[in-house]
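Chain by chain, the residues:
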Amino acid sequence: MALAKEMMGYSMIERSPWLASSKKLRLKYRDNSLPQRKTQLRINPGSVFLEHRRTNPVVVAALSEDLIKSIGSSNSSSGRENENKAVKFKVRAVMTVRNKSKQDLKDTIVKHLDAFSEKIGRNVVLELISSTEIDPRTKEAKKSNQAVIKDWYKKSNVKAERVHYTTELLVDSNFGEAGAITVINKHQNEFFLESITIEGFASGPLHFPCNSWVQPVKHHSSPRIFFSNKPYLPSDTPVGLKALREKELKDLRGDGKGVRNLSDRVYDFDVYNDLGNPDKGSDFARPVLGRQIPYPRRCRTGRPPTDTDMHVESRVEKPLPVYVPRDEQFEESKQDTFSAGRLKAVLHNLIPSLKATISADNHDFNAFSDIDNLYREGLLLKIGLQDELIKKLPLPTVVNTIQESSQRLLKYNTPKIVSKDKFAWLRDDEFARQTMAGINPVSIERLRVFPPVSNLDPQIYGSQPSALQEHHIAPHLHCMTVQQALEEKKLYIMDYHDVYLPFLDRINALDGRKAYATRTIFFLTPQGCLKPIAIELSLPHTGPTSRQKRVVTPPVDATSNWVWQLAKAHVCANDAGVHQLVNHWLRTHASMEPFILAAHRQMSAMHPIFKLLDPHMRYTLEINALARQNLINADGVIESCFTPGRYCMEMSAAAYRNHWRFDMEGLPADLIRRGMAEPDPTQPHGLKLLIEDYPYAADGLLIWSAIENWVGTYVNHYYPNSTLICNDRELQAWYSESINVGHADLREANWWPKLDNADDLISILTTIIWLASAQHAALNFGQYPYGGYVPNRPPLMRRLIPEENDPEYANFLADPQKYFLSALPSLLQATKFMAVVDTLSTHSPDEEYLGERQQPSIWSGDAEIIEAFYGFSAEIIRIEKEIEKRNQDPSLKNRCGAGVLPYELLAPSSEPGVTCRGVPNSVSI
């Protein structure tokens, strides 16, 4: 059920706790959870009922006695003047503010100052705005009086997570329908406004979902505008809200000038010109992405340029925060989880860093038991660090204190890849299984031509014929010829040749980096599992005697076994780089940021499509900003831990330029592009999987179809004909700006989908929601279970595979295991990588029930949409159970055949700190 709540970030339909006094007429209705279409208003002498079938009435709102009397008087009197005379009456506002769970001394002082300032008139002020009625004097929407929150001072010491404040607003009987409310914060400090509920109108409670920080007037003088939860297309906007709708969007766009303050709510675009820091030296300079090198745009901060290069933006280093619009910053529970993960990462890296500083060597793992001890004993014990540190550090007690007080943090959780079967990672079946059910199941594709062909420009990179020949793979094809295997679709490939080859000269010139451009060929066995049968290792062609290409096949003896293991390790290192830089970062983070920025800039919070997308946009801008600050920046974690080193982001940009296509990002299109599926209208999802036991695809299609059906119902409800889509200026502006500004370098591509009808919109929205939810979950939340054991998935390799005439070959023959360990990342590199993927594989408690805090419903009681959403939620629950059942099926070998880790695209996870891998938005990198 948690996942069902997560998938759309919807809120539970809640009712206000405030009840009218016994002297007032009460509005009652019968359905407590789901508004129905057939509703009838009936006025009796004693009460007003909203009639529904099946359930009992519940008190929800009250009407003023004065208003009812005035209505009666008006009906009984004669004369036009009496009929048109407006009568004032009061409605009650309940404002829900979320407190900080932790307050430092500054917060406490400011809170008391705000409470005291209430007595001198520095209050929080509300004003209600009509959506339907215009004041003839001002020619603007009718407004209530400005009402001051009454009980802020009295509740200043309340420790609850949520505090409800009240006031009364004075409106007249011809006020019309309330559609907006403004909030003025005259306090010293900002506060997080969760919602406002207005009670007292005959139509029932009015709900304003806010979920936003309200800044004090000393920072932002204009009142904050919040709209009710009733969605409106631009053309349907009530007359009283049109100007407010435009003003709010104008404020969110900003003017594109100046440095942004942390309290701002301005969404704007910029290029990736903040990854390097040339002021620190040429080693820290990085090319700008988004000018000569194509790349998606990121959120603009407006920081001044560096002293060295006017085209490079100056950096903000930890612990100072990077600007993102205030409402995009982490909420407290997310920040606590992230901070705890960073503390753990710091402690995990402290001791290896100290040892690296003390000693000259790079501290290879001497045996596999050294790796095992990271999970059993922690970092200090059993790795020979403690005695050495005590001798050489001037303050050994500091290290001892860390060891004693942080023993739990200094240990690593045992990754699932070794918790069930310690040696599974060595086996070929597990190596192949992870290509379809591991952390990067989106690179495997069907081999259509043998030998495989490079698409690199021969004028730049020379001729690149493959070294793979029939005699390399024929013995492993179960008596089939290569041509037969191709025709029967039995050959598959993981091809990283063209991704890595243009960068290999520069990568291999780096200290501690050695890499090949790899191709791995797999055969589909009669059991429905893949089997690796050949690995091609390519190096740049540097001369007639250079060893440009080499093919490694499955082993026949002990020596060739270690060569084969080294070849597989190089493939895994390449796979880790493509997974992190292309499939994870580029496809589910960087490419999504332009759509998020444009959504806030061009679509009002009242727009139904904004309401649909909003839960899936949560945290992405903050995560991406933190990535630019600490992960993908010059000398950041990604450069330190992954094979491409300082060329990581250039490789990501090359993939964006050469391979990324929005029209191929949806699951069905991606499967067809990779040759893993074929169109088949007789199949449940219109596709036939060529490998039936392909967990990522089989489970993913269930989720894709559920999202597509839900989005289809939603879109068709608000756009019953295509003309409405073509004439929706906000929707068209959002999509146009996402492409022409956010993806400006690719805006001329002919593959961008059109936005002319409902089918176009359904496809675009389904793709975005898929990428931000299920696709991101599949690529992110299993990083530690697989990558936490470095030999299974090394992020980089430090040695090439020796050949017989190499000086290193004798050392390799003497101790192949030691050579293998020395080729893996060093202790410092490995522990840094493990700490990072451990942090990124965890999400915070507030994401378990994403959106439940919003009240009561983002669809304002639209029965058809709410019914459709509940149907969607029920479908997700059914899919969860189906996936769980599949994971327990012993006949599906690609899920748990190796006894390691059943593939869980969206099913609940028992990983500590991970309650569900199906979190619906980009919460981690």
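Within any chain, residue numbers begin from 1 and follow the written order of that chain's sequence. The predicted nature of this model means local features are confined to residues of pLDDT at least 70 and side-chain atom pairs, given and counted, to a pLDDT of 80 or more, with totals for whole chains, interfaces and linings taken over all residues. Only heavy atoms go into the side-chain values, all of them from the structure, while hydrogens and water stay out.

*Asks:* A description of the overall build of the chain should follow, citing residues and the corresponding values.
*Replies:* Within the chain, the secondary structure is distributed over 34 helices and 22 strands. Contacts spanning at least 24 positions in sequence make up 75% of the contacts within the chain whose residues lie at least 6 apart. Here the chain has roughly 37,800 Å² of accessible surface; of this, 51% comes from carbon and sulfur atoms. Numbering of helices and strands runs from the N terminus, with a helix taken as a DSSP run of H or I at least four residues long and a strand as a DSSP run of E at least two residues long. By definition in these notes, contact holds between two residues if any of their heavy atoms fall within 4.5 Å. Per-residue and other accessible areas follow the Shrake-Rupley method at a 1.4 Å probe size, with only the shown protein chains counted as cover for residues.

*Asks:* So what's going on with helix α19 (residues 593-602)? Which residues, and what values?
*Replies:* Across the 10 residues of α19, 10 count as buried, placing the element largely inside the fold. Burial in α19 covers these residues: Glu-593, Pro-594, Phe-595, Ile-596, Leu-597, Ala-598, Ala-599, His-600, Arg-601 and Gln-602. For every residue, the accessible area obtained with a 1.4 Å probe (protein chains only) is divided by the maximum for its type, and the residue is called buried under 20%, exposed over 50%, and partly exposed between those limits.

*Asks:* Got a sec to walk through the pairing of strand β20 (residues 549-552)? Specific residues and values, please.
*Replies:* The two faces of β20 differ: Arg-550 and Val-552 on one face are buried, but Lys-549 and Val-551 on the other face are not. Pairing analysis gives four bridges linking strand β19 (residues 530-538) to β20, with the strands arranged antiparallel. Bridged to Glu-536 within β20 is Val-551. A pair of strands counts as paired when DSSP detects no fewer than two bridges linking them.

*Asks:* How would you sum up the packing of aromatic side chains? Please name residues and give values.
*Replies:* Each pair of aromatic rings taken from Phe, Tyr and Trp, with Trp reduced to its six-membered ring, is defined by centres within 6.5 Å and is described as stacked if the planes are under 30 degrees apart, edge-to-face if over 60, and tilted in the remaining cases. Taken as a whole and judged by the stated rule, the model has 34 aromatic pairs. Each ring, one from Tyr-694 and one from Tyr-696, has its centre 6.1 Å from the other, and the planes form 50 degrees; the classification is tilted. The exposure classification of Tyr-694 matches that of Tyr-696, with both residues buried. Feature note: the residues Tyr-272, Tyr-295, Phe-595, Tyr-656, Trp-660, Phe-662, Trp-734, Tyr-735, Trp-751 and Trp-752 constitute an aromatic cluster, connected by ring pairs. Two limits define a charge over a ring: the Lys NZ or Arg CZ must be within 6 Å of the ring centre, and within 35 degrees of the ring normal. Sitting over the ring of Phe-284, Lys-280 keeps its end group 4.3 Å from the ring centre. It is Arg-326 that lies over the ring of Trp-213; its NZ or CZ is 4.1 Å from the centre.

*Asks:* Account for the packing of helix α25 (residues 695-718) against helix α33 (residues 863-887), naming residues and giving values.
*Replies:* Where α25 contacts α33, the axes come no closer than 10 Å and their chain directions differ by 175 degrees. Classified by the interaxial angle, the pair formed by α25 and α33 is roughly antiparallel. For the pair formed by α25 and α33, the contact residues are Ala-698, Asp-699, Leu-702, Ile-703, Ala-706, Ile-707, Trp-710, Thr-713, Tyr-714, His-717 and Tyr-718 on the first element and Glu-864, Ile-865, Ala-868, Phe-869, Phe-872, Glu-875, Ile-876, Ile-879, Glu-882, Ile-883 and Arg-886 on the second. Grouping the constituent residues of the contact of α25 with α33 by class yields 15 nonpolar, two polar and five charged. In this analysis an axis means a line fitted to C-alpha atoms, helices contributing only their contacting stretch, and an angle means the value between N-to-C directions, from 0 to 180 degrees. In these notes the angle categories are as follows: under 35 degrees is roughly parallel, over 145 is roughly antiparallel, 65 to 115 is roughly perpendicular, and the rest is oblique. Nonpolar residues are Ala, Val, Leu, Ile, Met, Phe, Trp, Tyr, Cys and Pro. Charged residues are Asp, Glu, Lys and Arg, and all others, Gly as well, are polar.

*Asks:* Report on the sheet that holds strand β18 (residues 517-524), specifying residues and quantitative values.
*Replies:* Spatial ordering of the open sheet is given by β16-β17-β18-β19-β20, a layout of five strands whose pairing is antiparallel. Single-partner strands in this sheet number two, and they are β16 (445-446) and β20. With eight bridges connecting them, β18 and β19 associate as antiparallel partners. Its bridge partner being in β19, Arg-519 is matched across the sheet by Glu-536. On the sheet, helix α12 (residues 428-437) packs against β17 (491-495), β18 and β19 and is oriented at approximately 85 degrees with respect to β19. Lying over the sheet, helix α18 (residues 558-590) contacts β17, β18, β19 and β20, oriented at roughly 80 degrees with respect to β19.

*Asks:* Outline the sheet that holds strand β11 (residues 191-199), listing residues and values.
*Replies:* Ordered in space as β9-β5-β11-β12, the four strands form an open sheet in which the pairing is antiparallel. The outermost strands of the open sheet, each flanked by one partner alone, are β9 (162-172) and β12 (206-214). Within the sheet, the average angular offset between the axes of one strand and its neighbour, ignoring direction, is 20 degrees. Note: strand β5 (residues 88-98) against β11, seven bridges, orientation antiparallel. Note that in β11 the partner of Arg-98 across the bridge is Phe-192.

*Asks:* Could you give me a rundown of α18, with the residues and numbers involved?
*Replies:* Turn by turn, an α-helix covers 3.6 residues, leaving residues three or four places apart pointing in a common direction. What a helix should span is 1.5 Å times the count of its residues minus one. Helix length check: α18 (33 residues) gives 45 Å between terminal C-alpha atoms against 48 Å at 1.5 Å per residue, within 8%. Most of α18 is tucked away, with 30 of its 33 residues classed as buried. Identification of polar contacts relies on pairs of N or O atoms within 3.5 Å, with a donor-acceptor requirement for protein atoms, meaning one able to donate a hydrogen and the other able to accept it, and with residues adjacent in sequence counted only if both atoms are side-chain atoms. Two or three places before Thr-559, at the opening of α18, Asp-557 has a side-chain oxygen 3.2 Å from that residue's backbone nitrogen.

*Asks:* Please provide a residue-by-residue account of the nonpolar core, values included.
*Replies:* Core analysis: the largest hydrophobic core is formed by 166 residues, its most contacted members being Tyr-295, Leu-671 and Trp-734. Here the element with the most residues in this core is α18; it accounts for 16 residues. Throughout this description, the term nonpolar core refers to a set of buried Ala, Val, Leu, Ile, Met, Phe, Trp, Tyr and Cys residues connected via side-chain atoms within 4.5 Å. The next biggest cluster of nonpolar side chains, apart from the first, holds 29 residues, and it includes Val-91, Leu-169, Val-171 and Phe-201.

*Asks:* Give me the lowdown on unusual backbone geometry, citing residues and values where you can.
*Replies:* Geometrically, the link from Lys-318 to Pro-319 is a cis peptide bond, its omega value of 0 degrees lying close to zero. Looking at the secondary structure, you find Pro-319 in the loop between β15 (298-299) and α6 (332-358). Cis geometry is found at the peptide bond from Phe-450 to Pro-451, where omega equals -5 degrees. We note that Asn-211 has phi near 45 degrees; this positive angle belongs to a residue other than glycine. With respect to the secondary-structure elements, Asn-211 resides in strand β12. The phi torsion at Lys-489 lies on the positive side, around 60 degrees, for a residue other than glycine. With respect to the helices, strands and loops of the structure, Lys-489 is situated in the loop between α15 (482-487) and β17.

*Asks:* So, the packing of α19 against helix α27 (residues 729-742): which residues are in play, and what are the values?
*Replies:* It is at 8 Å that the axes of α19 and α27 come closest, and there the two elements cross at 140 degrees. One element, α19, and the other, α27, form an angle in the oblique class. In the crossing of α19 with α27, the sense of the turn from one axis to the other is right-handed. Along its contact with α19, which presents Pro-594, Phe-595, Ala-598, Ala-599, Arg-601 and Gln-602, the element α27 presents Glu-730, Ala-733, Trp-734, Glu-737, Ser-738 and Gly-742. Crossing handedness is read from the near helix: turned anticlockwise from the far helix by less than a right angle, it gives a left-handed crossing, and turned clockwise, a right-handed one.

*Asks:* Go over the pairing of β11 with me, naming the residues and quoting the values.
*Replies:* The element β11 is extensively covered by neighbouring structure, given that nine of its nine residues are classed as buried. Sheet topology note: the β11/β12 ladder contains seven bridges and is antiparallel. Opposite Ile-198, over in β12, you have Leu-206 as the bridge partner. Connecting the antiparallel pair β11 and β12 is a turn made up of six residues, with Gly-200 showing a positive phi of about 140 degrees.

*Asks:* Give a detailed account of the environment of Pro-231, specifying residues and quantitative values.
*Replies:* With respect to the helices, strands and loops of the structure, Pro-231 is situated in the loop between β13 (224-227) and α5 (242-253). In the structure, Pro-231 is positioned 373 residues away from Ser-604 in sequence and 9.5 Å away in space, judged by C-alpha atoms.

*Asks:* How would you explain the side chain of Arg-550 if you had to name every residue and give the values?
*Replies:* For Arg-550, the position within the fold is in strand β20. For the purpose of counting charges, residues Lys and Arg are taken to be positive, whereas Asp and Glu are taken to be negative. His and the chain ends are not included. Any carboxyl oxygen of Asp or Glu that lies within 4 Å of a side-chain nitrogen of Lys or Arg is treated as forming a salt bridge with it. No salt bridge is formed by the buried Arg-550, whose closest oppositely charged neighbour, Glu-803, lies at an N-O distance of 4.2 Å. Engagement of the side chain of Arg-550 in a polar contact is seen with the backbone oxygen of Ile-801, the distance being 3.2 Å.

*Asks:* Give me the lowdown on the environment of Ala-424, citing residues and values where you can.
*Replies:* As for its placement among the helices and strands, Ala-424 is situated in the loop between α11 (416-419) and α12. Separated by 368 residues in the primary sequence, Ala-424 and Asn-792 have C-alpha atoms spaced 8.9 Å apart.

*Asks:* So what's going on with the confidence of the model for the chain? Residues and values would help.
*Replies:* On average, residues of the chain score 82 in pLDDT, and 76% of them are at 70 or above. A residue's pLDDT is the predictor's confidence in that residue, given on a scale from 0 to 100. Low pLDDT (under 50) marks residues 353-361, which in the prediction has 14 contacts with non-local residues, meaning those over four places away or in another chain. With pLDDT under 50 throughout, residues 906-925 is counted as low confidence; its partners more than four residues away or in other chains account for 98 contacts.

*Asks:* Could you give an account of the pattern of salt bridges, naming the residues involved and the relevant values?
*Replies:* Summed over all chains, the structure comprises 49 salt bridges. With a closest N to O distance of 3.3 Å, Arg-162 and Glu-161 form a salt bridge. The partly exposed category is assigned to Arg-162, whose relative accessible area is 28%. A salt bridge links Glu-246 to Arg-729; its shortest N-O distance comes to 3.4 Å. Of this pair, Glu-246 sits in helix α5 while Arg-729 sits in helix α27; the two residues are 483 residues apart in sequence, bridging distant segments of the chain.

*Asks:* Report on the environment of Asp-495, specifying residues and quantitative values.
*Replies:* Along the chain, the position of Asp-495 falls in strand β17. In this structure, Asp-495 is in contact with Thr-518 and Arg-519, ignoring residues within four places of it in sequence. Among the polar contacts listed, one links the side chain of Asp-495 to the backbone nitrogen of His-497, at a separation of 3.0 Å. In terms of polar contacts, Asp-495 uses its side chain to reach the side chain of Arg-519, at 3.3 Å.

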